[in-house]
Amino acid sequence: MTGAVTSIPGYQPTLKSRLWSMTQQTLILLLISSIVLPILWMCITAFKWPRDVYSLNSAFWFEPTLTNMVTVFQHPWNLGSKIINSIAVASGAVALAIPMATLAAYAFSRYEFRFKKTIFLTVIASQFLPGAVVVLPYFLMFKELGLLDTRSALILINLSIVLPYAIWMIKGFIDAVPIEIEESALVDGAPRWRVLLEIVVPAAIPGIITAAIFSFTLTWNEFLFALILTKQDALTLPIGLIGFRTDRGDLWELMAAGGILITAPMFILSLMVHRQFIGSLTAGSVR
Amino acid sequence: MTKITLHSIDKSYGEVQVVKNLNLEIFDNEFLVFLGPSGCGKTTTMRMIAGLEHPTQGTIAFDGKRINELGPQERDVAMVFQNYGLYPHMTVEQNIGYPLKLRKVPTAEYEERVLRAAKRVQMHDLLHRFPRELSGGQRQRVALARSIVRKPQVFLMDEPLSNLDAKLRVIARAQIKHLSEELQVTTIYVTHDQVEAMTLATRVAVMSEGVIRQIGTPEEIYNNPLDSFVASFIGSPAMNLFDVSTEASGLVILQNQNTNIMAPAQGDWTMGFRCEDVQLCDPNAASLKTEVFTFELLGDCTMATAMVDGKLLTVKAAKDCRMQSGDALHIKIDPQHVYWFDYQTGKRWLQI
């Protein structure tokens, strides 16, 4: 790494600058390790036999196995149904949130109406409320409605969590769409809904997709509400994970396997989308 | 095809009134240019005709039919925006064809008309490019093609050339003029460039501060400005305008010299004359003796300027004329070609 500094021709690094760059690299390494090591630990542990999990001898050298991956899908863990619940809740929330957020963001971005700023700030500020404060009222409300332990309840709750972020993100992208292309479309004869659908949405699509992924991730990982509002039918993956803390102790190897199942889809999704939508699509529309 | 009537139009944004009691008739097949400095209300007026803004007061009518309440979709106008407003996610072909798609034109006709419009602006080889892959001039031509792909009631053009470089601008200007003659559609064109106004217009409406100062053919506007603002805005270089006072006899004093030019009456005046109506002459025949401030070669002619009473006075001279800063400058102003404006109101004084 120091090569980058010393390789400049004729440049003689002083002892001080060398020490400084070494300190910098150490700090960077520490920072990276604090993020990567737990993930690494999870990926390794998921493929260990239970007997190897606590043993220092087999910290890195062990006989790998897929048993954990199979076990988590069997009784009593049944991660399969939890995966389905998680997918249903996250997809449902995103499918509702994105069209709603797009419409709201468009209104906030382009229309003038009374109390616009106040309403917008209220929507954003609703996110500053800790979930723990509202979880009990929600519990009672859903109990009244008979929606406890259902996917619909989780979709609704996650919608309320995700919408403000999505509105805020998409609004930023719609703000950046030049107003002239909308006016062009209006003059060309497009009704407002076609302007939105055929001009604004395609131009703001990077933002909309970003918001969708963000919303999906947020819902996918949501823990508190799922914990309180579900019991057995609508359990999601994160709740499934704490099931591995049993009377017989923590089953780390199973928890790690479940952890991979939670992380992998998000990882693949973000990789796929990231590659496709780099840069803004609006380049070249005006001037 | 369409006659447009603007009847006592007012437009205010909160406290600020940008268009004041504007009355205007735009004739069928006319090429009308709104000319004025930025912020004079010319773009707002055009946007009201397009339906993108709504007048605070007054009536807009197409062929005598009030259209105030119609949105831009229902007015059947086509507009070229200053920064073109191309759809970034559509190809050139889709951009040009979008107005047709909205009107559900059948595929065969759609393709034929898009190609014809693209050919008119020489963009038919680039139909599958995206706007981001085009140069500024090409984008401008796509915007133009999109507006001519259908035959609207009115063409609206909002400074369509201002983002092009000087050379391209001349070419595009010729193209627009040719197109408008060929298509025979009422056209309204907004610009702050008086050369564009002079070359393109059948009539020019000179605006300032939300008011039409004068409306007429380019010739009328150039030869017969009704006030000192119009006079100062039209012509390149601008008309020489000087605030002068006269002797008791009515002879004009300029830079403490008696010019031997008779004002219409004794008192204060704004005196105007164009650079081409001033000649260099012998010292004894001169209306004004001064010295050269700058001297510019323009190729087909030369321009000498002098600093007179704190303002620049421009004189057009022969192409082989050569002078240097500080040289003596003797000029003769032809009284026949002097415009007199009221010193207070700026209104032109006309002989009765």
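Residues numbered from 1 in each chain as written. Chains lettered and ligands numbered in written order. Predicted model: local features only at pLDDT ≥ 70, side-chain atom pairs only at ≥ 80, totals over all residues.

S.K.: Whenever I open this one, the sheet that holds strand β2 (residues 16-26) of chain B confuses me. Can you help?
M.R.: Strand order across the open sheet formed by four strands is β2-β1-β4-β5 (chain B), with antiparallel pairing between neighbours. Single-partner strands in this sheet number two, and they are β2 and β5 (65-66) of chain B. (Pairing = 2+ DSSP bridges. Helix = DSSP H or I, 4+ residues; strand = E, 2+ residues; numbered from the N terminus.)

S.K.: Would you mind going over the domain arrangement of chain A with me for this structure?
M.R.: The accessible area lost on association of the parts is a frequent measure of interface size. Each assigned domain of chain A is listed here: domain 1 (15-65) and domain 2 (78-242). The centre of domain 1 of chain A, based on its C-alpha atoms, is set 36 Å off from the matching centre of domain 2 of chain A. (Domains from an automatic or database assignment.)

S.K.: I'm lost on the interface of chain B and chain A in this one. Help?
M.R.: Each partner contributes residues to the interface: chain B has 25 residues there, and chain A has 21 residues. For the side of chain B that touches chain A, the secondary-structure elements that each account for two or more residues are β6 (77-80) and α2 (92-102) of chain B. Residue composition of the side of chain B that touches chain A, grouped by class: 17 nonpolar, six polar and two charged. (Contact = placed C-beta atoms within 7 Å. Nonpolar A, V, L, I, M, F, W, Y, C, P; charged D, E, K, R; others polar.)

S.K.: Can you walk me through unusual backbone geometry in this structure?
M.R.: Most peptide bonds adopt trans geometry, and most residues besides glycine take a negative phi value. Residue proline 76 of chain A follows histidine 75 of chain A across a cis peptide bond; omega there is 5 degrees. Between serine 236 of chain B and the following residue, proline 237 of chain B, the backbone shows a cis peptide bond with an omega angle of 0 degrees. Secondary-structure assignment places proline 237 of chain B in the loop between α8 (228-233) and β11 (240-246). Of note in this structure, tyrosine 84 of chain B is not a glycine but carries a positive phi near 75 degrees. Assignment of secondary structure puts tyrosine 84 of chain B in the loop between β6 and α2. Residue classification places tyrosine 84 of chain B among the buried positions, given that 27 C-beta atoms sit within 10 Å. In this model, glutamine 184 of chain B sits at a positive phi of 55 degrees, which is unusual for a non-glycine residue. Position of glutamine 184 of chain B among the secondary structure elements: in the loop between α5 (166-183) and β8 (186-191). (Buried ≥ 20, exposed ≤ 12 C-beta atoms within 10 Å, placed from the backbone.)

S.K.: Help me understand the domain arrangement of chain B in this model?
M.R.: Looking at chain B, the domain boundaries give domain 1 (4-233) and domain 2 (240-342). Taken together, the residues of the side of domain 1 of chain B that touches domain 2 of chain B sort by class into two nonpolar, two polar and one charged.

S.K.: What's the story with the confidence of the model for chain A in this structure? I'm lost.
M.R.: Here chain A shows a mean pLDDT of 87. Residues at 70 or above account for 92%. Confidence, read as mean pLDDT per element, is least for helix α1 (residues 3-6) of chain A in chain A (50) and greatest for helix α5 (residues 79-110) of chain A (95). (pLDDT = per-residue confidence, 0-100.)

S.K.: How do you make sense of the nonpolar core when you look at a structure like this?
M.R.: One finds Ala101 and Ile170 of chain A together with Ala145 and Leu156 of chain B to be the most contacted residues of the largest nonpolar core, which totals 138 residues. Broken down by element, this core gets its largest block of residues, 13 residues, from helix α8 (residues 151-176) of chain A. Not counting the four nearest positions on each side in its chain, leucine 156 of chain B is found in contact with Met46, Ile49, Ala50, Val77, Ala78, Met79 and Ile188 of chain B. One finds Ala46, Leu241, Phe244 and Leu254 of chain A within the second-largest nonpolar core, a separate group that totals 14 residues. (Core = buried A, V, L, I, M, F, W, Y, C linked by C-beta atoms within 7 Å.)

S.K.: What is the right way to read the sheet that holds strand β19 (residues 328-333) of chain B from this model?
M.R.: All names here are of chain B. Strand order in this open sheet of five strands is β15-β19-β16-β17-β18, and the pairing throughout is antiparallel. Of all the strands in the sheet, the pair left with one neighbour each is β15 (278-280) and β18 (311-317). Mean inter-strand twist for the sheet, computed between neighbouring axes without regard to direction, equals 45 degrees. (Axes fitted to C-alpha atoms, helices over the stretch in contact; angles between N-to-C directions.)

S.K.: Can you walk me through the packing of helix α4 (residues 136-148) of chain B against α5 of chain B in this structure?
M.R.: What describes two packed helices is the angle between their axes and the distance between those same axes. Residue and element names in this part refer to chain B. Running from amino to carboxyl end, α4 crosses α5 at an angle of 10 degrees, the nearest separation of the two axes being 11 Å. Classified by the angle their axes make, α4 and α5 are roughly parallel. Residues Gly137, Gln140 and Ile148 of α4 form the contact with α5, whose own contacting residues are Leu168, Ala172, Leu179 and Leu183. Within the contact of α4 with α5, the residues separate by chemical class into five nonpolar, two polar and no charged. (Parallel < 35°, antiparallel > 145°, perpendicular 65-115°, else oblique.)

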